[in-house]
Amino acid sequence: ADLKKLCEEYKKVYLEQGKKFPSDPYEQLHACVKAVFGSWMTPRAVKYREINNVKSLLGTATNIQTMVFGNMGDDSGTGVAFSRNPSTGENILY
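Residues numbered from 1 in each chain as written. Predicted model: local features only at pLDDT ≥ 70, side-chain atom pairs only at ≥ 80, totals over all residues. Heavy atoms only, no water.

**Observations regarding the overall build of the protein chain**
Reasoning step 1: The number of helices and strands found in the protein chain is three helices and zero strands.
Reasoning step 2: Listed N to C, the secondary structure of the protein chain is α-α-α in terms of helices and strands.
Reasoning step 3: Its C-alpha atoms give the protein chain a radius of gyration of 18 Å, more than 25% over the compact-globule value 12 Å for 94 residues.
Reasoning step 4: Of the contacts formed within the protein chain by residues at least 6 apart in sequence, a portion of 18% connects residues at least 24 apart.
Reasoning step 5: For the protein chain, the computed accessible surface area is about 9,000 Å², with 57% contributed by carbon and sulfur atoms.
Reasoning step 6: Side chains of the protein chain carry 12 positive and 10 negative charges; the gap between the two charge centres is 10 Å. (Helix = DSSP H or I, 4+ residues; strand = E, 2+ residues; numbered from the N terminus. Rg over C-alpha atoms; globule rule 2.2 N^0.38 Å. Contact = heavy atoms within 4.5 Å. Areas by Shrake-Rupley, 256 points an atom, 1.4 Å probe, with all protein chains shown as cover. Lys, Arg positive; Asp, Glu negative; His and termini not counted. Charge placed at Lys NZ, Arg CZ, Asp CG, Glu CD.)

Right, here's the structure in full:
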């Protein structure tokens, strides 16, 4: 019930912009990738790179992968791993 309510809230955001939430998964995927690349030069992103002395980058990237359901029982789960510490950049599995 909570997830359905959340989905309805997201659909309202689209409607407020005069758009209908796309039902085609490829259209959804394209919109997500476009949003990631479009965020590269936002004032917040530029300021973040400035504050953290992040230089010489050409842009950002997206990773697209199949969703895994981590709620199928006691022997299933999901997670995220990084090849570097996302806060410090230290070259360790995080």
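So, next bit.
**Some remarks on the confidence of the model for the protein chain**
Reasoning step 1: Of all residues in the protein chain, 100% have pLDDT values of 70 or greater, and the mean over the chain is 88.
Reasoning step 2: For the protein chain, the element scoring lowest by mean pLDDT is helix H1 (residues 2-16), at 91; helix H3 (residues 43-51) scores highest, at 94. (pLDDT = per-residue confidence, 0-100.)

**As for unusual backbone geometry**
Reasoning step 1: For Asn-53, which is not glycine, the phi torsion reads 55 degrees and is therefore positive.
Reasoning step 2: Mapped onto the secondary structure, Asn-53 falls in the segment after H3.
Reasoning step 3: Despite not being glycine, Ser-56 shows a phi value in the positive range, around 65 degrees.
Reasoning step 4: When its relative accessible area of 76% is taken as the criterion, Ser-56 is described as exposed. (Buried < 20%, exposed > 50% of the residue type's maximum accessible area, 1.4 Å probe, protein only.)

**As for the side chain of Arg-49**
Reasoning step 1: Relative to the helices and strands, Arg-49 resides in helix H3.
Reasoning step 2: Although Arg-49 lies buried, it forms no salt bridge, and the closest oppositely charged side chain, Glu-50, sits 9.2 Å away as judged by the N-O distance.
Reasoning step 3: Beyond its immediate sequence surroundings of up to four residues, Arg-49 is in contact with Trp-40, Met-41 and Val-54. (Salt bridge = Lys/Arg side-chain N within 4 Å of Asp/Glu carboxyl O.)

**Notes on the packing of aromatic side chains**
Reasoning step 1: The tally for this structure, following the rule as stated, stands at two aromatic pairs.
Reasoning step 2: Arranged with centres 5.0 Å apart and planes meeting at 75 degrees, the rings of Tyr-14 and Phe-21 form a pair that is edge-to-face.
Reasoning step 3: Look at Tyr-14 and you get partly exposed, because its relative accessible area is 26%.
Reasoning step 4: Take Phe-21: its relative accessible area is 33%, and that puts it in the partly exposed class.
Reasoning step 5: Their ring planes at 55 degrees and their centres at 6.2 Å tell us that Phe-82 and Tyr-94 sit as a pair that is tilted. Pair noted here: Phe-82 is in the segment after H3 and Tyr-94 is in the segment after H3, with a separation of twelve residues, a long-range link.
Reasoning step 6: Assessed through its relative accessible area of 35%, Phe-82 is described here as partly exposed.
Reasoning step 7: For Tyr-94, a relative accessible area of 49% corresponds to the partly exposed category.
Reasoning step 8: If you follow Arg-49 out to its NZ or CZ, it ends over the ring of Trp-40, 3.7 Å from the centre. (Phe/Tyr/Trp six-rings, centres within 6.5 Å; stacked < 30°, edge-to-face > 60°. Lys NZ or Arg CZ within 6 Å of the ring centre and 35° of its normal.)

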